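Below, each chain spelled out in residue letters.
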Amino acid sequence: MIPLIFANKGEEQIIKKIGGSEEVKRHLENLGFNVGGTVTIINSLGGNVIVKVKESRIAINEDMARKIMI
């Protein structure tokens, strides 16, 4: 498993684990990041990433991306 921040741009990945506090996990799940779901990095700029999750594009910062393991 590696953090989402290290995924290759454009490749669909499966979320294997979400780390962090319960509040962070709940926030990410509300955005659509669920274990077993898929995520694709669309673009990365200065550590921040734009990802595609469940047909939506979401921007998350580097700290959040490091909590999502693929």
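Residues numbered from 1 in each chain as written. Predicted model: local features only at pLDDT ≥ 70, side-chain atom pairs only at ≥ 80, totals over all residues. Heavy atoms only, no water.

Asker: What am I meant to see in the overall build of the protein chain here?
Answerer: Counting its regular elements, the protein chain contains two helices and six strands. Along the protein chain, helices and strands appear, N-terminal first, in the series β-β-α-β-β-β-α-β. Expected size for 70 residues packed as a compact globule is a radius of gyration near 11 Å; at 10 Å, the protein chain falls within 12% of this value. Seen along its three principal axes, the alpha-carbon backbone of the protein chain occupies a region of about 30 × 25 × 25 Å. As presented, the protein chain carries roughly 4,400 Å² of accessible surface, and 47% of it is formed by carbon and sulfur atoms. (Helix = DSSP H or I, 4+ residues; strand = E, 2+ residues; numbered from the N terminus. Rg over C-alpha atoms; globule rule 2.2 N^0.38 Å. Areas by Shrake-Rupley, 256 points an atom, 1.4 Å probe, with all protein chains shown as cover.)

Asker: Hey, could you run me through unusual backbone geometry in this one?
Answerer: Both trends apply: most residues other than glycine have a negative phi, and most peptide bonds are in trans. Even without being a glycine, Lys 54 presents a positive backbone phi close to 50°. In this structure, Lys 54 sits in the loop between β4 (48-53) and β5 (56-60). For Lys 54, a relative accessible area of 58% gives the class exposed. Of note in the backbone geometry, Glu 55 takes a positive phi value of approximately 65° without being a glycine. Looking at where Glu 55 falls in the secondary structure, it is placed in the loop between β4 and β5. Its relative accessible area of 70% is what places Glu 55 among the exposed residues. (Buried < 20%, exposed > 50% of the residue type's maximum accessible area, 1.4 Å probe, protein only.)

Asker: What is the right way to look at the sheet that holds strand β1 (residues 12-14) in this model?
Answerer: Consider a sheet: its strands pair through backbone hydrogen bonds, and that pairing is either parallel or antiparallel. Here four strands make up an open sheet; going across it, the order is β1-β3-β4-β5 and the pairing antiparallel. Every interior strand has two partners, whereas the edge strands, β1 and β5, have only one. Across the sheet, the axes of successive neighbouring strands diverge by a mean angle of 35°, strand direction being ignored. Note that β4 and β5 share five bridges and pair antiparallel. In the sheet register, Lys 52 faces β5, and the bridge partner there is Arg 57. (Pairing = 2+ DSSP bridges. Axes fitted to C-alpha atoms, helices over the stretch in contact; angles between N-to-C directions.)

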